[in-house]
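# Results of the structural survey
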Amino acid sequence: MKNFKIVGVLSTLVVASVAVLSLGQSYAANTATNTTLGITQGVFSFYKDTGATMDSYFSHSANAAATIDIGTYNASLSAINAASAGDHRFTISDLKGDPFTVTLQSSALTASGSLSIAADLVSYTGSTWLGTGKALTSAPTSAADIGTAPVTFVARADNSGISKYSQEITLKVAVPAAQAPASYTGLLTFTY
């Protein structure tokens, strides 16, 4: 009986030793499994930004007005350099990833009757485009004449990424000398 106990204990120790030695080895065959990931295409949008999403890039809020007020000036026999506030923000959100070009053109500023200020007297200057994602390939910060023909406002030539950028602009009008007093309105057209 004593021998059976010793044999039983030795057998248990041998089995335990084999089990411990086997833990460090794998007897499974190697195999490979493909994995997939899909990212769906988003949308492209361009808008006059009156919200707060891009405030961290500019350290201030955007102008909340839907329109751009160039101001009110006294009638003058001299030319007037009229300008809006410089916080009118325009944001391009490209979650589609395709190449794009946004052009800008101004109409003439007109008032009742036949009063007008020619479109070629409208211009803009802007901040650096700020944001994140794929860099822009064309992002001019000024245009001396946005009335004669459309000018490139912002663009990206390739489709290698997505991005969101904003620019703040100052709209300028070179009001001719002796321009008749009136309330003038115009239209900025962004095409993309």
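Conventions and cut-offs
Residues numbered from 1 in each chain as written. Predicted model: local features only at pLDDT ≥ 70, side-chain atom pairs only at ≥ 80, totals over all residues. Heavy atoms only, no water. Helix = DSSP H or I, 4+ residues; strand = E, 2+ residues; numbered from the N terminus. Buried < 20%, exposed > 50% of the residue type's maximum accessible area, 1.4 Å probe, protein only. Contact = heavy atoms within 4.5 Å. Polar contact = N/O pair within 3.5 Å; in protein donor to acceptor, adjacent residues only side chain to side chain. pLDDT = per-residue confidence, 0-100. Core = buried A, V, L, I, M, F, W, Y, C linked by side-chain atoms within 4.5 Å. Pairing = 2+ DSSP bridges. Phe/Tyr/Trp six-rings, centres within 6.5 Å; stacked < 30°, edge-to-face > 60°. Axes fitted to C-alpha atoms, helices over the stretch in contact; angles between N-to-C directions.

## Thoughts on the environment of E168
With respect to the helices, strands and loops of the structure, E168 is situated in strand β11 (residues 163-175). Among the residues examined, E168 registers a relative accessible area of 5% and is labelled buried. Between the C-alpha atom of E168 and that of G86, which follows or precedes it by 82 residues, the distance is 6.3 Å. The contacts of E168, once residues within four sequence positions are left out, are F58, H60, S61, A62, G86, D87, H88, R89, T125, G126 and S127. At a separation of 2.8 Å, a polar atom in the side chain of E168 contacts the side chain of H60.

## Some remarks on the confidence of the model for the protein chain
In this model, the protein chain carries a mean pLDDT of 89, and residues with pLDDT of at least 70 account for 86%. Scored below 50 in pLDDT, residues 13-21 shows zero contacts in the model against residues more than four places distant or in partner chains.

## Brief notes about unusual backbone geometry
Although it is not a glycine, S59 adopts a positive phi angle of roughly 65 degrees. Along the chain, S59 turns up in the loop between α2 (55-58) and β2 (80-83). Classification of S59 as exposed rests on a relative accessible area of 69%. Of note in this structure, A178 is not a glycine but carries a positive phi near 60 degrees. Take A178: it is sitting in the loop between β11 and β12 (188-191). Taking relative accessible area as the criterion, A178 reaches 52% and is therefore assigned exposed.

## Things to note about the nonpolar core
Ranked by internal contacts, the top residues of the largest apolar core, which has 28 residues, are I92, V102, Y124, I146, F153, V154 and V173. Put simply, the parts of the chain that give this core at least two residues each are β2, β3 (88-94), β4 (100-106), β7 (122-126), β10 (151-156) and β11. Top contributing element to this core by residue count: β11, with five residues. Here I92 is in contact with F44, S45, F46, F100, V102, W129, V154, S163, K164 and Y165, once residues within four sequence places are set aside.

## Some points on the pairing of β3
Counting buried positions over the seven residues of β3 gives seven, a clear majority of the element. The two faces of β3 match: H88, F90, I92 and D94 on one face and R89, T91 and S93 on the other face are all buried. Relative to β3, strand β1 (residues 44-49) is paired through six bridges, and the arrangement is antiparallel. Within β3, the residue paired with Y47 across the bridge is T91. For β3 and β11, the ladder comprises seven bridges, and the chain directions are antiparallel.

## So, the packing of aromatic side chains
Summed over the entire model, instances satisfying the criterion amount to eleven aromatic pairs. Ring centres of F90 and F190 lie 4.9 Å apart, and the angle between their planes is 40 degrees; on these two criteria the pair is classed as tilted. Of the two residues, F90 is situated in strand β3 and F190 in strand β12; the sequence distance between them amounts to 100 residues.

## Description of the side chain of S84
Structurally, the position occupied by S84 is in the loop between β2 and β3. Not counting the four nearest positions on each side in its chain, S84 is found in contact with I68, D69, I70, I169, T170 and L171.

## Quick notes on the sheet that holds β10
Spatially, β10-β4-β12 is the arrangement adopted by the three strands of the open sheet, whose pairing is antiparallel. The sheet is open, and its two edges are formed by β10 and β12, each paired on a single side. Averaged over all adjacent pairs, the angle separating strand axes in this sheet is 15 degrees, with direction ignored. Sheet topology note: the β4/β10 ladder contains five bridges and is antiparallel. Residue T103 lies in a different strand from β10, and its bridge partner there is T152.

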